[in-house]
Amino acid sequence: MEVQIETLSEKYSITISSTDTIQDLKEKIDEEGGADPARQCLYIQGYLINDDTALVEEIVCSGGKTFILVLPKAGSSREIRSDREKFLITGNRRNFQVNLIPKNKSIKVNLVSKKFGIVYNTEGNEVGKRVYFVEVFEITGKGSIDITTVSDEQGTEDYKGVLILL
């Protein structure tokens, strides 16, 4: 069964099974959009769903298939530094921002989830039709992030993200 997820900026569908709970739905929303399940508030027909063990199918039968997803307004601000000029992607697949990290400089970025991406290749020049190839990182604690470029013997570059605890 498909359910609709609406936010302030987008609307998308997620496929669920008959045994999925609200917690399972929140985890699928996290996979799709990068929003930590603990930060998600789901509403259906104006009512907050506060029981993560409730079956989605039972809620859908009594309230419709459209869930409203509400997230806290701003994420946590992180200082991010890189040894090379890189593009940092924040947000989710449909609604994202691209931030330039200058070489050997630090920038502050509001991360709305525990994940961010570093662009390692871009295809296309037309705005709205570019394709970004991204390596995704997940943050496990609080602090600033230092990104360094690592090369192997063949000259292949990779990125190493280090969380510097405060």
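What you see is a predicted model, and the numbers here were worked out from it, not measured in a lab. Along each chain, numbering runs from 1 in the same order as the chain's sequence is written. Given that the model is predicted, a residue must reach a pLDDT of at least 70 before its local features are reported, and side-chain atom pairs must reach 80 or more before they are shown or counted; all residues, however, enter totals for whole chains, interfaces and linings. Just so you know, side-chain values use all the structure's heavy atoms and leave hydrogens and water out.

1. Examining the environment of Tyr43
Among the structural elements, Tyr43 can be located in strand S3 (residues 41-44). Residues Tyr43 and Glu6 lie 37 residues apart in sequence; the distance between their C-alpha atoms is 9.8 Å. Numbering of helices and strands runs from the N terminus, with a helix taken as a DSSP run of H or I at least four residues long and a strand as a DSSP run of E at least two residues long.

2. Focus: the pattern of salt bridges
Salt bridges are identified by distance alone: a Lys or Arg side-chain nitrogen within 4 Å of an Asp or Glu carboxyl oxygen. Taken as a whole, this structure holds 4 salt bridges when the rule is applied. Among the salt bridges present, the one from Asp20 reaches Lys28, with a minimum N-O distance of 2.7 Å. Relative accessibility under 20% of the residue-type maximum defines a buried residue, over 50% an exposed one, and the middle range a partly exposed one, all with a 1.4 Å probe and only protein chains included. Relative accessible area serves as the criterion here: at 8%, Asp20 is assigned to the buried category. Take Lys28: its relative accessible area is 25%, and that puts it in the partly exposed class.

3. Quick look at helix H2 (residues 56-63)
When H2 is considered as a whole, its buried residues turn out to be Val56, Ile59, Val60 and Gly63. Around the axis of H2, the buried residues are gathered within 100 degrees of arc, so they sit on the same side. Pointing more than 90 degrees away from the buried face of H2 are the exposed residues Glu58, Cys61 and Ser62. Downstream of H2 by one or two residues, Gly64 has phi in the positive range, about 95 degrees. This arc corresponds to the set of directions leading from the helix axis out to the C-beta atoms.

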